[in-house]
Amino acid sequence: MSTELQPHIQLTSEIKAKYALLPGDPKRVDKVKQHLQHVQDLAYNREYKSILGYYKDIPILVVSTGIGGPSTGIAIEELANIGVSTLIRIGSSGALQDYINLGDLIIATGSVRDEGTSKAYIESIFPAIANHHLVAALRQVAEIQNIPYHMGIIRSHDSFYTDQEDNIDEYWSRRGLLGSDMETSTLFVLGALRGIQTASVLNVVVPSKGNLQTGINNLVEGEKLSAQGEQNQIKVALEAIASIHNKSK
Ligand SMILES: O=P(O)(O)O[C@H]1O[C@H](CO)[C@@H](O)[C@H]1O
Ligand SMILES: O=c1cc[nH]c(=O)[nH]1
């Protein structure tokens, strides 16, 4: 473990937290505050905003990764350097299946590595899979709290606006993928290579093309569902950490 100040996240091992939640959006860091006690603002450098707080007396770091693999990869490496050993992404996602609604959670069991960062580390035959203990804990919390969720494979990608996005979504939807984001596969692969436990719980903020919700609900209703999903993903991730932590004692 390094005691040095990490150049991008601007944190040191003084923090002494084993667990971290990783939203992409720095604004989501603040949404976690109300779920924690004794919250301290730590740093805000580039896309990396961080706080430390306590959930059921367990120290929890929350650090935003920014958008995409490269900035996420840097966050993972620097968090590993300061001794963080469990990382749960709390991200947002587009749905790839019509039965998945706005605000539903997707617990990713694996992710298609359609991004460049993890390939800079290791060839694409290496799988991007979540830690099964964390997946089981996330699932159990969602079940107990009656939170709508789906579990399965997603796709992590590097582009948003190419001329092929609709075709690509259609291709992966037909193969049963649940949703898409831009960071999960980098997290899973780098976590495996660095000996860190990782998981990703995503809030659906964009419905799939054929989902009637787009027509039925107005924008305000959609935003309400996504905001509820964001609260739900935070609750599920924190409770899963508490469950893992108690089992490890
Ligand atoms: O809301 P976050 O966690 O950033 O996640 C999703 O939103 C961003 C794209 O709008 C990408 O980072 C994607 O993965
Ligand atoms: O469709 C979406 C929505 C959020 N994030 C993504 O990566 N894709």
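Throughout, residues of each chain are indexed from 1 in the direction in which the sequence is written. Chains and ligands are labelled sequentially in the order written, the chains with letters from A and the ligands with numbers from 1. Owing to the predicted nature of the model, reporting of local features is limited to residues with pLDDT of at least 70; listing and counting of side-chain atom pairs is limited to 80 or more, with chain, interface and lining totals taken over all residues.

### Considerations on the nonpolar core
Stage number 1. One finds Ala20, Ile88 and Leu138 to be the most contacted residues of the largest nonpolar core, which totals 67 residues.
Stage number 2. What counts as a helix is a DSSP run of H or I of at least four residues, what counts as a strand is a run of E of at least two, and both are numbered from the N terminus. At eight residues, helix α8 (residues 219-248) tops the list of elements feeding residues into this core.
Stage number 3. Not counting residues up to four positions away in its chain, the partners in contact with Leu138 are Ile107, Ala199, Val201, Val236 and Ala240. Buried Ala, Val, Leu, Ile, Met, Phe, Trp, Tyr and Cys residues whose C-beta atoms connect them within 7 Å together make up a nonpolar core. Every C-beta atom is placed from the backbone, and the number of other C-beta atoms within 10 Å of a residue's own sets its class: buried at 20 or more, exposed at 12 or fewer, partly exposed in between. Here contacts are defined at the residue level, using C-beta atoms placed from the backbone and a cut-off of 7 Å between them.

### Section: the site of ligand 2
Stage number 1. Being near a molecule or strand means, for a residue, that its C-beta atom, positioned from the backbone, comes within 6 Å of it. Taken together, Ser92, Ser93, Gly94, Ser180, Asp181, Met182, Val205 and Val206 are the residues near ligand 2.
Stage number 2. Among the elements of the structure, β5 (86-95), β8 (179-181) and β9 (197-206) are those that each provide at least two residues to the shell around ligand 2.
Stage number 3. Among the elements that line the shell around ligand 2, the one with the most residues is β5, at three residues.
Stage number 4. Across the shell around ligand 2, the residue classes break down as three nonpolar, four polar and one charged. Amino acids are sorted into nonpolar (Ala, Val, Leu, Ile, Met, Phe, Trp, Tyr, Cys and Pro), charged (Asp, Glu, Lys and Arg) and polar (every other residue, Gly among them).

### Notes on the environment of Ile82
Stage number 1. Along the chain, the position of Ile82 falls in the loop between α2 (69-81) and β5.
Stage number 2. Taking the C-alpha atoms as reference, Ile82 lies 8.2 Å from Glu4; in sequence the two are 78 residues apart.

### A few points about the packing of α2 against helix α6 (residues 184-194)
Stage number 1. At their nearest, the axes of α2 and α6 sit 10 Å apart, and the two run at 30° to each other. The pairing of α2 with α6 is recorded here as roughly parallel in orientation. For the element pair α2 and α6, the recorded crossing hand is right-handed. Facing α2, whose interface residues are Gly69, Thr72, Gly73, Ile76 and Ala80, α6 presents Thr186, Leu187, Leu190, Gly191 and Arg194. To obtain an axis, a line is fitted to C-alpha atoms, over the contacting stretch when the element is a helix, and the angle between two such axes runs from 0 to 180 degrees between their N-to-C directions. Angles are sorted into four bins: roughly parallel if under 35 degrees, roughly antiparallel if over 145, roughly perpendicular if 65 to 115, and oblique for all others. By definition, any crossing whose near helix is turned counterclockwise from its far helix by less than a right angle is left-handed, and any crossing with a clockwise turn is right-handed.

### What about the environment of Ala130?
Stage number 1. Mapping Ala130 onto the fold places it in the loop between α3 (117-121) and α4 (132-144).
Stage number 2. Exposure remark for Ala130: the 26 C-beta atoms within 10 Å place this residue in the buried category.
Stage number 3. Along the chain, Ala130 and Val29 lie 101 residues apart, while their C-alpha atoms are 22 Å from each other.
Stage number 4. Beyond its immediate stretch of four places on either side in the chain, Ala130 contacts Ala108, Thr109, Gly110, Val135, Phe188, Thr198, Ala199 and Ser200.

### Digging into the pairing of strand β4 (residues 58-63)
Stage number 1. Strands are treated as partners if at least two bridges between them are detected by DSSP. As paired elements, strand β1 (residues 19-22) and β4 share three bridges and run parallel to each other. Along β4, the bridge assignment pairs Ala20 with Leu61.
Stage number 2. In terms of strand pairing, strand β3 (residues 48-55) meets β4 through six bridges, oriented antiparallel. Paired with Leu52 across the two strands is Leu61, which belongs to β4.
Stage number 3. What sits between the antiparallel neighbours β3 and β4 is a turn of two residues, in which Lys56 has the positive phi angle 50°.

### A closer look at the pairing of strand β6 (residues 105-114)
Stage number 1. The sheet contact formed by β6 and strand β7 (residues 149-157) spans nine bridges and is parallel. Each bridged residue has a counterpart across the sheet, and for Ile106 the counterpart in β7 is His150.
Stage number 2. Bridging between β6 and β9 involves three bridges; their strand directions are antiparallel. Counted as the bridge partner of Leu105 is Asn203 from β9.

### Here we look at the environment of Val135
Stage number 1. Looking at the secondary structure, you find Val135 in helix α4.
Stage number 2. As a C-alpha pair, Val135 and Ala108 span 27 residues in sequence and 7.8 Å in three-dimensional space.
Stage number 3. Ignoring any residue separated from it by four or fewer positions in sequence, one finds Val135 in contact with Ile107, Thr109, Ala130 and Ala199.

### Observations regarding α4
Stage number 1. Given the number of residues in a helix, its expected span is that number minus one, multiplied by 1.5 Å. Here α4 is 13 residues long and its end C-alpha atoms lie 18 Å apart, about the 18 Å a rise of 1.5 Å per residue gives.
Stage number 2. Looking at α4, one finds that the buried residues are Leu134, Val135, Ala137, Leu138, Val141 and Ala142. Burial along α4 is one-sided: seen end-on, the buried residues are contained in an arc of 165°. In α4, the exposed residues that point more than 90 degrees away from the buried face are His132, Glu143 and Ile144.
Stage number 3. Directly after α4, the chain includes Asn146, whose backbone phi takes a positive value near 60°. Throughout, the arc means that of the directions going from the helix axis to the C-beta atoms.

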